[in-house]
Amino acid sequence: MAIDEGLKHELRRQGIVVMKLEELYNWGRRSSIWPMQFGLACCAIEMIATACARYDIARFGAELFRASPRQADLMIVAGTVTKKMAPQVVRLYNQMAEPKYVVAMGACAISGGPFNRGYNVLKGIDRYIPVDVHVPGCPPTPQALLDGLMKLQEKIDTQHLADVEWYSRAAPREYPVPRFGPRGLEPQYNPHVWQPPEPTGIYLSSKPKEQKRTPTAATT
Amino acid sequence: MNDLLRPDATQQALQQRVPGLTLTIEGDALIIPADRLLEVGRFLKESEPYRLDYLSNLCAVDFVVEGAHLETVYHLYSMEKKHGPVVLKVRVPRDNPHQPSVVSVWRGAEYQEREAYDLYGIIYDGHPDLRRILMWDGFDGHPMRKDYVQEDQDALEERHA
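With respect to the overall build of chain B
Inference 1: Of regular secondary structure, chain B possesses three helices and seven strands.
Inference 2: When its C-alpha atoms are laid out on the principal axes, chain B stretches across 65 × 30 × 25 Å.
Inference 3: The buried share among the 161 residues of chain B stands at 26%.

This is the structure:
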């Protein structure tokens, strides 16, 4: 049932708001997204700045950083996810109540960032948990994080109660926690969440290349 | 740096006081034979003019050229005399990297030796608790060694290549 936009506007001027229940529900959810209070690296400092008076994430209703995953709606993965930390991040995600969202904040959380070639860094948290918004930057400015939050709010606005994942019985939204293996994390990614992208050709030349050893020394 | 701590002066003092010891100088550092390390360490810590009671840094280096070896570098300071640093180096072969632990001399070496063991695989004999500190138990290999081949997460991105 669609109501005429002109009539809706006219009614609003008289103090009467007409909307679908779904819109009211989504408006409530998007206006009080409670993030989880945890940071992994330098991006967390920008996240703190976003929460403070100057940028004031409270303007978007997301000022209530909860120290428990049980009370949080949004996980802001703010910083480098090391392989040693990844299982804990996935476990925290599993412990959050539905509906839950994930923002990957910064180059490291998205792809490993400057540590992309390291032996100890996960190349993107989206290999294990579904990410709703990627916020690029190293670190992203508070404005960028707020923009990411607004993008998430737009996403919430478009969700339909009839077909949201967390009310359907089909997919359990709990993801297996990776284990520590002798070479790295096992499995290397969760195929339900992430698939290796189709080859573009630009990586092809780099594969057979022998890693060049420089004669300089590396220290701890 | 005062004259006492210059590598040639330290070399002279050590060779006079520790019998049968010959040291070589490399830059600002003294190369110590692995089996004499504890004697040298105790002397530098306890002898009056030095009193190097603080191990500021212990780190490892992997050399794959010019006679491949693993090296542990010690930076010593004195809190009592307010001087330093004295730099010591100990070299061990890459295939049998055993050398004494200095935890009995400088307690602060414990975690740093664990880190060097974890990342470079140098085995510090006499260490009270030599196990991995950064990587998890059950991790295979020592990732900062130059011949370490890490798991290829990139291969995922080239699955059809």
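Having seen it, we continue.
Observations concerning the sheet that holds strand β3 (residues 133-135) of chain A
All names here are of chain A.
Inference 1: Taken together, the three strands give an open sheet; going across it, the order is β1-β2-β3, and neighbouring strands pair in parallel fashion. With one partner strand each, in any of the chains shown, β1 (74-78) and β3 form the two edges of the open sheet. The sheet shows a mean angle of 20° between the axes of neighbouring strands, direction not considered.
Inference 2: Pairing between β1 and strand β2 (residues 101-105): five bridges, direction parallel. The residue of β2 that forms the bridge with Leu74 is Tyr101.
Inference 3: Sitting on the sheet, helix α6 (residues 142-157) touches β2 and β3, and the angle it makes with β3 is about 170°.

As for the pairing of strand β3 (residues 54-63) of chain B
Residues and elements named next belong to chain B.
Inference 1: Inspection of the sheet shows β3 paired to strand β4 (residues 69-78) by nine bridges, in the antiparallel sense. Bridge pairing in β4 places Ala60 opposite Thr72.
Inference 2: Joining the antiparallel neighbours β3 and β4 is a turn of five residues, in which Glu66 adopts a positive phi near 50°.

Considering the confidence of the model for chain A
Inference 1: For chain A, per-residue confidence averages 86 on the pLDDT scale, and residues scoring 70 or more make up 89% of the total.
Inference 2: In the predicted structure, residues 205-209 of chain A sits below a pLDDT of 50 and forms two contacts with residues beyond four places in sequence or in another chain.

Examining the packing of helix α2 (residues 21-30) of chain A against α6 of chain A
A pair of packed helices can be characterised by two numbers: the angle between their axes and the separation between those axes.
Residue and element names in this part refer to chain A.
Inference 1: For the pair α2 and α6, the least separation of the axes is 9 Å and the interaxial angle reads 160°. Classed by the angle they form, the pair α2 and α6 counts as roughly antiparallel. Relative to α6, α2 is oriented so that their crossing is right-handed. Between α2 and α6, the residues in contact are Asn26, Arg29 and Arg30 and Gln153, Ile156 and Asp157, respectively.
Inference 2: Classifying every residue of the contact of α2 with α6 by side-chain character gives one nonpolar, two polar and three charged.

A few points about the sheet that holds strand β2 (residues 29-32) of chain B
All names here are of chain B.
Inference 1: Pairing within the open sheet is mixed, and its five strands lie in the order β1-β2-β5-β4-β3. In this open sheet, the two edge strands, each paired with only one partner strand, are β1 (24-26) and β3. Strand-to-strand twist in this sheet, taken as the mean axis angle between neighbours without regard to direction, amounts to 30°.
Inference 2: Direction of pairing for β2 relative to strand β5 (residues 83-93): parallel, over a ladder of four bridges. Among the inter-strand pairings, Ile32 is bridged to a residue of β5, identified as Val90.
Inference 3: Strands in contact with helix α1 (residues 7-17) are β1, β2 and β5; relative to β2, the strand with the most contacts, it is inclined by about 35°.
Inference 4: Across the sheet, helix α3 (residues 109-120) lies against β3 and β4, angled at about 10° from β3, the strand it touches most.

A short note on the nonpolar core
Inference 1: Judged by nonpolar contacts, the single largest core of 43 residues is most densely connected at Val77, Val103, Ala104, Met105 and Ile125 of chain A.
Inference 2: Setting aside residues no more than four positions away along its own chain, Val103 of chain A makes contact with Leu74, Ile76, Val77, Asp132, Val133, Val135, Gly148 and Leu152 of chain A.
Inference 3: Of all hydrophobic cores here, the second largest spans 29 residues; its members include Leu30, Leu44, Leu70 and Ala116 of chain B.

Things to note about the environment of Val135 of chain A
All names here are of chain A.
Inference 1: For Val135, the position within the fold is in strand β3.
Inference 2: Placed 21 residues apart in sequence, Val135 and Ile156 show a C-alpha to C-alpha distance of 17 Å.
Inference 3: Contact partners of Val135, with chain neighbours within four places excluded, come to Val103, Ala104, Met105, Gly106, Pro140, Ala144, Leu145 and Gly148.

Cut-offs used in this document
Residues numbered from 1 in each chain as written. Chains lettered and ligands numbered in written order. Predicted model: local features only at pLDDT ≥ 70, side-chain atom pairs only at ≥ 80, totals over all residues. Helix = DSSP H or I, 4+ residues; strand = E, 2+ residues; numbered from the N terminus. Buried ≥ 20, exposed ≤ 12 C-beta atoms within 10 Å, placed from the backbone. Pairing = 2+ DSSP bridges. Axes fitted to C-alpha atoms, helices over the stretch in contact; angles between N-to-C directions. Contact = placed C-beta atoms within 7 Å. pLDDT = per-residue confidence, 0-100. Parallel < 35°, antiparallel > 145°, perpendicular 65-115°, else oblique. Left-handed = near helix turned anticlockwise from the far one by under 90°. Nonpolar A, V, L, I, M, F, W, Y, C, P; charged D, E, K, R; others polar. Core = buried A, V, L, I, M, F, W, Y, C linked by C-beta atoms within 7 Å.

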